[in-house]
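# Residue-level structural notes
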Amino acid sequence: RGMDNTVCLGDPRMDIYSNVSPKLINRDTPTIGIGVAGYSPIDLNSFLAVEFDFLEQVLLAIQSLVEKGQVIKVILKVRPNGYSRQYEEFTEEFFPGLVNTIFCDESMHTFFDQCDLYISTYSQTLFEASCLGIPVIYHKSDFEMSHPPFDGNTELVTTYDVNSLKNKLEQFLLGNDQ
């Protein structure tokens, strides 16, 4: 409401966002939400390797800022069918102490209430977050061809590697959401 960056998608899940005021964003000590839990459309119980590559790249970029002294809270949202234990084990082994909370059964709206920035891969949740006034980054760690707005040729902030993501995170902290 009152924003010029929203698009009607015709999805009834989006109806709740029409009456929500934009979120106040904390850029000093932000909470960065990451949407995870990719799946194979052929086998809904399998996870694509690209999902963990995506998560590793995102956490490496965040970790580099934390190592420089930036205070950041990191939260993950896993699909309810997403076997959150795999993400707990992955983050504990490779990024101990970096991820604060892993959400599984909570709604996206509840998760977004805590986010100051949202990073995800190919997902409608990027649009849900932006409807709430939360800056978003679409991080594409794979080489799969995508259609607009996920093709890198639209206004959707898109990164392709750790360095470009780190750059966009630094811009976010400075108040630039482009």
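See the structure shown above.
About the thresholds
- Residues numbered from 1 in each chain as written.
- Predicted model: local features only at pLDDT ≥ 70, side-chain atom pairs only at ≥ 80, totals over all residues.
- Heavy atoms only, no water.
- Helix = DSSP H or I, 4+ residues; strand = E, 2+ residues; numbered from the N terminus.
- Buried < 20%, exposed > 50% of the residue type's maximum accessible area, 1.4 Å probe, protein only.
- Contact = heavy atoms within 4.5 Å.
- Areas by Shrake-Rupley, 256 points an atom, 1.4 Å probe, with all protein chains shown as cover.
- Core = buried A, V, L, I, M, F, W, Y, C linked by side-chain atoms within 4.5 Å.
- Salt bridge = Lys/Arg side-chain N within 4 Å of Asp/Glu carboxyl O.
- Pairing = 2+ DSSP bridges.
- Arc of directions from axis to C-beta.
- Axes fitted to C-alpha atoms, helices over the stretch in contact; angles between N-to-C directions.

## Overview of the overall build of the chain
Scanning the chain from terminus to terminus reveals five helices and six strands. Reading the chain from its N terminus to its C terminus gives the helix and strand order β-α-β-α-β-α-β-α-β-β-α. Counting only residues that meet the buried cut, the chain has 43% of its 178 residues in that class. In the chain, of all internal contacts separated by at least 6 residues, the share reaching a separation of at least 24 is 64%. Roughly 9,700 Å² of accessible area belongs to the chain as shown, and the carbon and sulfur atoms make up 52% of that amount.

## A look at the nonpolar core
The biggest cluster of nonpolar side chains holds 27 residues, and the ones touching the most others in it are I34, L55, I62, I119 and L169. Ranked by the residues each element gives to this core, the list is headed by helix α1 (residues 49-67), at eight residues. Setting aside its immediate chain neighbours within four residues, L55 contacts I34, V36, L76, Y87, F90 and T91. F111, C115, I134 and L156 belong to the second largest nonpolar core, which has 14 residues in total.

## Observations regarding the pattern of salt bridges
Enumeration over the complete set of coordinates arrives at four salt bridges. Between R85 and E88 there is a salt bridge whose closest N-O contact spans 2.6 Å. Within this pair, R85 and its partner E88 are both found in helix α2 (residues 84-94), separated by three residues, close to a single helical turn. Given the relative accessible area of 43%, R85 is considered partly exposed. The closest approach of N and O atoms between R85 and E89, which form a salt bridge, is 3.4 Å.

## Considerations on the pairing of strand β1 (residues 31-36)
Most of β1 is tucked away, with six of its six residues classed as buried. Alignment of β1 against strand β2 (residues 73-78), held across six bridges, turns out to be parallel. Each bridged residue has a counterpart across the sheet, and for G35 the counterpart in β2 is K77. Pairing geometry for β1 and strand β4 (residues 117-120), over three bridges, is parallel. Its bridge partner being in β4, G33 is matched across the sheet by Y118.

## Considering the pairing of strand β5 (residues 136-139)
Here β5 shows no split at all, with V136 and Y138 on one side and I137 and H139 on the other all buried. Inspection of the sheet shows β4 paired to β5 by three bridges, in the parallel sense. The partner of Y118 across the bridge, within β5, is V136. Across two bridges, the pairing between β5 and strand β6 (residues 158-159) is parallel.

## What to know about α2
Along an α-helix, residues three or four positions apart point the same way, because every turn accommodates 3.6 residues. Those residues of α2 that fall on the buried side of the exposure criterion are S84, Y87, F90 and T91. For α2, the buried positions fall inside an angular range of 125° around the axis, keeping them on one side.

## Topic: the sheet that holds β2
Ordered by their spatial adjacency, six strands build an open sheet running β3-β2-β1-β4-β5-β6, and the pairing between neighbours is parallel. A strand with exactly one partner marks an edge of an open sheet, and here the two such strands are β3 (99-103) and β6. Strand contacts of α2: β1, β2 and β3, with the helix running at about 170° to β3, the strand carrying the most contacts.

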